[in-house]
Protein chains: 2
Amino acid sequence: MRITLNDEELITLDEARERLSKLIRRQVVEVNLLDSLNFISAEEVYANINLPPFSRSTVDGYAIKSELSPGDFAVIDKVEIGEAKEVKVEGRQAVEVDTGSILPHGANAVVKVEDTSRRENHLLVGRKVNPWDNVAIIGSDISKSTMILGKGERISAYKVSLLASQGISKVRVYKPMSVSIIITGNEIIEPGVNSYFAPKIFDSNGYFLQAAFKEMGSTVIRRVYVTDVREKVEKEILTALNDSDLIITVGGTSAGERDYVNKILIEKGTIIFYGIDIKPGKPTIASLINDKVVVGLPGNPVSATIVFEELVKSILDFTERREIIANSLNEIKGDRRRDAFLPAILLRGKSQVYAYLPPFDSYMIGAFTLSDGYVHLRRGESVNVNEPVSVKLINTFSGYTVIGEEEPSLSFSGISRILYAGSSVACEAMKRGVGDVLIISSEICEPKEFDFEIKRKIVRVGSGESVGYIDGVGISKFVDSPSIKVKSPSAALSLSEDKTVYLPSTFGIKGEEVGEETIYVVINESELKGKVGVRRNL
Amino acid sequence: MRITLNDEELITLDEARERLSKLIRRQVVEVNLLDSLNFISAEEVYANINLPPFSRSTVDGYAIKSELSPGDFAVIDKVEIGEAKEVKVEGRQAVEVDTGSILPHGANAVVKVEDTSRRENHLLVGRKVNPWDNVAIIGSDISKSTMILGKGERISAYKVSLLASQGISKVRVYKPMSVSIIITGNEIIEPGVNSYFAPKIFDSNGYFLQAAFKEMGSTVIRRVYVTDVREKVEKEILTALNDSDLIITVGGTSAGERDYVNKILIEKGTIIFYGIDIKPGKPTIASLINDKVVVGLPGNPVSATIVFEELVKSILDFTERREIIANSLNEIKGDRRRDAFLPAILLRGKSQVYAYLPPFDSYMIGAFTLSDGYVHLRRGESVNVNEPVSVKLINTFSGYTVIGEEEPSLSFSGISRILYAGSSVACEAMKRGVGDVLIISSEICEPKEFDFEIKRKIVRVGSGESVGYIDGVGISKFVDSPSIKVKSPSAALSLSEDKTVYLPSTFGIKGEEVGEETIYVVINESELKGKVGVRRNL
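Residue numbers here run from 1 along each chain, matching the order of that chain's written sequence. Starting at A for chains and at 1 for ligands, labels are handed out in the order in which the entities are written. Given that the model is predicted, a residue must reach a pLDDT of at least 70 before its local features are reported, and side-chain atom pairs must reach 80 or more before they are shown or counted; all residues, however, enter totals for whole chains, interfaces and linings. Here the side-chain values reflect all heavy atoms present in the structure, with hydrogen atoms and water set aside.

1. Observations concerning the side chain of Thr253(B)
Residues and elements named next belong to chain B. Operational definition: Counting from the N terminus, the helices are the DSSP runs of H or I reaching at least four residues and the strands are the DSSP runs of E reaching at least two. The cut-offs for exposure are 20% and 50% of the maximum accessible area for each residue type, with area from a 1.4 Å probe on protein chains only; residues under the lower value are buried, those over the upper are exposed, and the others partly exposed. Pairs of N or O atoms are called polar contacts if they sit within 3.5 Å, as long as, within protein, a hydrogen donor faces a hydrogen acceptor (for residues adjacent in sequence, only side-chain-to-side-chain pairs).
Position of Thr-253 relative to the elements: it lies in the loop between strand S17 (246–250) and helix H5 (261–268). Judged by its relative accessible area of 2%, Thr-253 is buried. There is a polar contact of 2.5 Å between the side chain of Thr-253 and the backbone oxygen of Pro-283.

In structure tokens, the structure reads:
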């Protein structure tokens, strides 16, 4: 039996979100403030005391009536920080105060100790003091009944601080959910259990989901792997129903004969939806079984990730992932028929952030996880060069990135990411003066300034159909009518067994010379000068 | 004894960071991949297998030689996903494949099942198939030896996914530090222990630090409170030296007579530095005692927070906090003599993000923690309206914000933050079409379009000196020569006991009428239409 998903039966992401959020019930629990970090607030919280709670000195000095300055004053007392002393300033009296001491009655300013001279109880204030100088006035920071925590807000360390400053030590949050993760698929092997053997695939979905749920504060009760045997899949789902608030399955939701998750979810429960109008992520299914929500994610890792973010996390977390608005370095086309999600690389400029969207296909989980975030393009939407694009962050977007051509003789230190994107994007970045390190081929553009250059020959090796490169990679110019295009010489090398491959001589591979190019190294980030070098004795 | 810090003895933040980072030793430990979430990677990791690890089908269909399409083919076998079957396609042969199946030898494309018709083993391919159609080519996503994790990088759920896809199940990270937090000060009371009584202050620093260390994965061994008694402070520090990798004290670092932390750190250890050229945060001290680093943060919560972020966290975390580049809505002046740190409110526009920097004084921990992030201005640096400014994020910058005048008859739902910033910023936001909900006084600007309006009278109550409002608040126009300026009517109300206060009649307070203003409510965010209302029967 094959179940096919017709385009006209798909529902929108918004509709899927709405249906699911109505059925996922969240319990509210009161927790200690310190345990609330990163949990989602279940109520609005308002200030119940003013900040500052009383008018107080912001310096070490003397509280006086400002209108009597400059002149002589008599020091009548001292009020230390934290001390509740009934003392009143009248006329030319002064009271010594600490930073943070309550302002004595009658005083309306504090003069800094540096601006006075004192002998015993005689104080000389040498300058004119303005009313309320060096005083933090009651309520001037936060006044009573100010909203200090929103409902549905993720509680940050900063909000813990603010709540503590109000004396609040308990807070009501949404109880973390107990989640079961069931990974299906004959092709899946678990990292750390086996060494790699083809044609298996290491599980990344289960690891991603477990980490992502952990990040949200949820409890992952189990992460189990099951082969595509209907009885086994069914047994795992039924077991999970006993002790989980939410069950997530991965794989088995599509039209394949061995796809059983969809069949089980249809038979055993009430379908909430099947099929979402997005790319990737279409074969997503959700069902209510024994009053519990089971979400069947597609097995393709990019699909599983996107659907997790946009559907599951967006419901459980309320808040959206952080977005950065960036200026696009390249033209981006969405999908004509469905909403599309594409990974983006961010480059920081002086006055704005730039986004580069690498060539992408839905199976490229590597390109996706190495990016800084992703772009959500509505059906038919596209973005032109220099247009703003909103990027949802997935990684920290910090550290330095090398971007451009792959050149094996280069060595780097202090770099957190090397992206073989070819020269086109590096040339665009160069024009705008952004990008930490750019590696550019003379075949694509000629930099006016660069730090150093490497000459390399291009050699042809092997036989059979030709492996070429995506546009923007320098070597692409040397390959006539290739039947495949790859991103980098390393990727070409993986195909060299039965195909003709064009490689830089710096790979140390001998072959027929077909040309020469110059690789320019442009180091924009001053901290990296001297940290990019050339390896000897390749 | 008073210890004074002269400006010429201060060191820069960079210098402080460098001295401290040399002395804070980090151990490296190997942990299970799933336990590595949010830890800092201690090594670069490179791909050891290609992704995809073999060329595979991206659809359910038939593997063929593309150059023979369209036409008839003979189905000779089936290769399921995960199955290792030695099968070779020759001539007009086809092999049935699943999404994810390994591409059989000899085939160079897959035709989708929808584009074929089959009767028994006769397959008709109705269309021309291009070479490598529907094939994910080996190494085309990530080729072997690609850097997949940087050293010093915070490990995200996405990086857990990527490492798992390589079969990596262990990773080397910097071992979390064991930290002791010692809060000093006679004025401090612990949240949840006492109800509030003046002139005490609820501790927020200890809570902030514990949450922030927890967020970094560090273990907080203890958080203790100690009054300003030298022997007690010394005892706590010496106790903490026994079992902590790092000791953080708060308070007692300044020139006050009861400031003992600085004295103890000077006497008992070797001073690493004392005094940093920043505002706030100057009286920060660090000392090496028994070969362990003790950092003495200033007691002022904003100072403690900034120094924690910029010094402690930036060393332990390697990576910088995320920054957003925003367009400034107002003019911002830094400090003439020191680097300054100022909170910023972010407003999302269609093509860029805007930043508003509220009036700020170093004691305003409330304004700081309610902001989205902060701006670091170098000595003497200033930012003009419409200039880019880099904001380091501290909160999630999500959810909806109300910004403008305080009007007590308004009720909101679905809002995560209400900022009483007055009308000027709301008018600037309106001009640019940003801001979720804007509350604007007719005294500052007149919106062309608004959702509804509220007429309110301004009344004067009380006697004594006049409490006014900061520029930009509508009511400020009604107060002649005030001696204090506050941000909102609620803040003014806190001062009404012995002063003349000007309030909107909507506070339900009777007094002499001095004028009238109109409050305009502008709802830009369509989701909030109907969620802003007026309370009846005030």
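Still more ground to cover, so stick around.
2. A word on the side chain of Asp259(A)
Residues and elements named next belong to chain A. Formally: When charges are counted, Lys and Arg are positive and Asp and Glu negative, with His and the chain ends excluded. Salt bridge, as applied in this entry: a Lys or Arg side-chain nitrogen positioned within 4 Å of an Asp or Glu carboxyl oxygen. The contact criterion used is simple: two residues touch if any of their non-hydrogen atoms lie within 4.5 Å.
Its location among the elements puts Asp-259 in the loop between strand S17 (246–250) and helix H5 (261–268). No salt bridge is formed by the buried Asp-259. Its closest oppositely charged neighbour is Lys-263, at 6.9 Å. In terms of polar contacts, Asp-259 uses its side chain to reach the backbone amide nitrogen of Ser-254, at 3.1 Å. For Asp-259, the contacting residues outside a window of four places in its chain are Gly-252, Thr-253 and Ser-254.

3. Here we look at the sheet that holds strand S9 (residues 122–125) of chain B
All names here are of chain B. Under the convention used in this document: The pairing criterion for strands is at least two bridges between them, as found by DSSP. For helices, the fitted axis covers only the stretch in contact; all axes are lines through C-alpha atoms, and the angles between them, taken along N-to-C directions, range from 0 to 180 degrees.
Read across the sheet, six strands follow the order S7-S4-S6-S5-S9-S8 without closing on themselves; strand pairing throughout is mixed. Edge positions in the open sheet fall to strand S7 (109–112) and strand S8 (116–119), since each of these has one partner strand only. Pairs of neighbouring strands in the sheet enclose a mean axial angle of 40 degrees, with direction left out of account. In this structure, strand S5 (residues 71–79) lies alongside S9, joined through four bridges in antiparallel fashion. For Ala-74, the partnering residue across the bridge sits in S9 and is His-122.

4. Let's talk about the interface of chain A and chain B
Defined as follows: Buried area is understood as the total, over both parts, of accessible area removed when two parts are fitted together, assessed with a 1.4 Å probe. We call Asp, Glu, Lys and Arg charged. Ala, Val, Leu, Ile, Met, Phe, Trp, Tyr, Cys and Pro are nonpolar, and the rest, Gly among them, are polar.
Listed per partner, the contact involves 123 residues of chain A and 123 residues of chain B. Summed over both partners, the interface of chain A with chain B buries about 10200 Å², with 62% contributed by carbon and sulfur atoms. Where chain A packs against chain B, one counts two salt bridges. Between chain A and chain B we count 27 residue pairs in polar contact (both at pLDDT 80 or more) in total. A per-class count over the side of chain A that touches chain B returns 54 nonpolar, 36 polar and 33 charged.

5. Points about the pattern of salt bridges
Residues and elements named next belong to chain A. According to the stated counting rule, one finds 75 salt bridges over all chains in the structure shown. Linking Glu-190 and Arg-223 is a salt bridge whose minimum nitrogen-to-oxygen distance equals 2.9 Å. Taken together, the residues span a long stretch of sequence, with Glu-190 in the loop between strand S14 (188–189) and strand S15 (201–202) and Arg-223 in strand S16 (residues 219–226) at a distance of 33 residues. When its relative accessible area of 24% is taken as the criterion, Glu-190 is described as partly exposed. On the basis of relative accessibility, which here comes to 18%, the residue Arg-223 falls in the buried class. Salt bridges linked by common partners bring Asp-14, Arg-17, Glu-310 and Lys-392 together as one network.

6. Notes on the packing of aromatic side chains
Two numbers describe a pair of aromatic rings. These are the distance of the centres and the angle of the planes. All names here are of chain B. This is how the line gets drawn: Two rings from Phe, Tyr or Trp (for Trp, the six-membered ring) form a pair when their centres are within 6.5 Å of each other. A pair whose planes differ by under 30 degrees is stacked, one over 60 is edge-to-face, and the rest are tilted.
Per the stated rule, a full pass over the model turns up 18 aromatic pairs over all chains. Between Tyr-196 and Phe-202 the ring centres are 5.6 Å apart and the planes differ by 50 degrees, which places this aromatic pair in the tilted class. Classification of Tyr-196 as partly exposed rests on a relative accessible area of 22%. Residue classification places Phe-202 among the buried residues on the basis of a relative accessible area of 6%.

7. Details of the sheet that holds strand S7 (residues 109–112) of chain A
All names here are of chain A. Strand order across the open sheet formed by six strands is S7-S4-S6-S5-S9-S8, with mixed pairing between neighbours. Because the sheet does not close on itself, it has two edges, and the strands there are S7 and strand S8 (116–119). Along the sheet, successive strands turn relative to each other by an average axial angle of 40 degrees, direction set aside. Sheet topology places S8 next to strand S9 (residues 122–125); four bridges connect them, and they run antiparallel. Note that in S9 the partner of Thr-116 across the bridge is Val-125.

8. Thoughts on the pairing of strand S13 (residues 178–184) of chain A
Residues and elements named next belong to chain A. Among the seven residues in S13, six count as buried, and that is most of the element. Sheet topology note: the S13/S16 ladder contains seven bridges and is parallel. Bridge assignment links Ser-180 to a residue of S16, and that residue is Arg-222. When S13 meets S17, the two strands line up parallel, connected through five bridges. Within S17, the residue paired with Ile-182 across the bridge is Thr-249.

9. So, the packing of helix H3 (residues 205–215) of chain B against helix H6 (residues 301–317) of chain B
Residue and element names in this part refer to chain B. The condition that has to hold: Here roughly perpendicular refers to angles of 65 to 115 degrees, roughly parallel to angles under 35, roughly antiparallel to angles over 145, and oblique to all remaining angles. Crossing handedness is defined as follows: a turn of the near helix away from the far one that is anticlockwise and smaller than a right angle gives a left-handed crossing, while the clockwise case is right-handed.
Relative to each other, H3 and H6 sit at 20 degrees, their axes nearing to 11 Å. Our classification of the angle between H3 and H6 gives roughly parallel. When the axes of H3 and H6 are compared, the crossing they make is right-handed. Contacts between H3 and H6 pair Asn-205, Phe-208, Leu-209, Ala-212 and Phe-213 from the former with Pro-301, Ala-304, Thr-305, Phe-308, Glu-309, Val-312 and Leu-316 from the latter. Across the contact of H3 with H6, the residue classes tally to nine nonpolar, two polar and one charged.

10. Let's talk about the relation of the copies chain A and chain B
Heads up, the condition is: When the copies are superposed, the least-squares fit draws on C-alpha atoms of residues that have pLDDT of at least 70 in both.
Expressed as a screw transformation, the operator carrying chain A onto chain B has a rotation angle of 180 degrees and an axial translation of 0.0 Å, and the superposed copies differ by an RMSD of 0.1 Å. Such a combination of rotation and displacement between the chain copies is what one expects of a two-fold axis. Taking C-alpha positions as the reference, the residue of chain A nearest the rotation axis is Ile324(A), at 3.5 Å. Both copies share a contact surface, since 100% of the interface residues of chain A are interface residues in chain B too.

11. What about H3(B)?
Buried residues dominate H3(B), accounting for nine of its 11 residues. Of the residues making up H3(B), those classed as buried are Asn205(B), Gly206(B), Tyr207(B), Phe208(B), Leu209(B), Gln210(B), Ala211(B), Ala212(B) and Phe213(B). In this structure, the buried side of H3(B) is in contact with helix H2 (157–165) of chain A together with strand S13 (178–184), strand S16 (219–226), S17, strand S21 (292–297) and H6 of chain B. Immediately downstream of H3(B), the backbone of Gly217(B) shows phi near 90 degrees, a positive value.

12. Some words on helix H1 (residues 13–23) of chain A
Under the convention used in this document: The arc in question is the one traced by the directions running from the helix axis out to the C-beta atoms.
Within the span of H1(A), buried status applies to Leu13(A), Ala16(A), Arg17(A) and Leu20(A). In an axial view of H1(A), the angular spread of the buried residues amounts to 100 degrees, which keeps them on one side of the axis.

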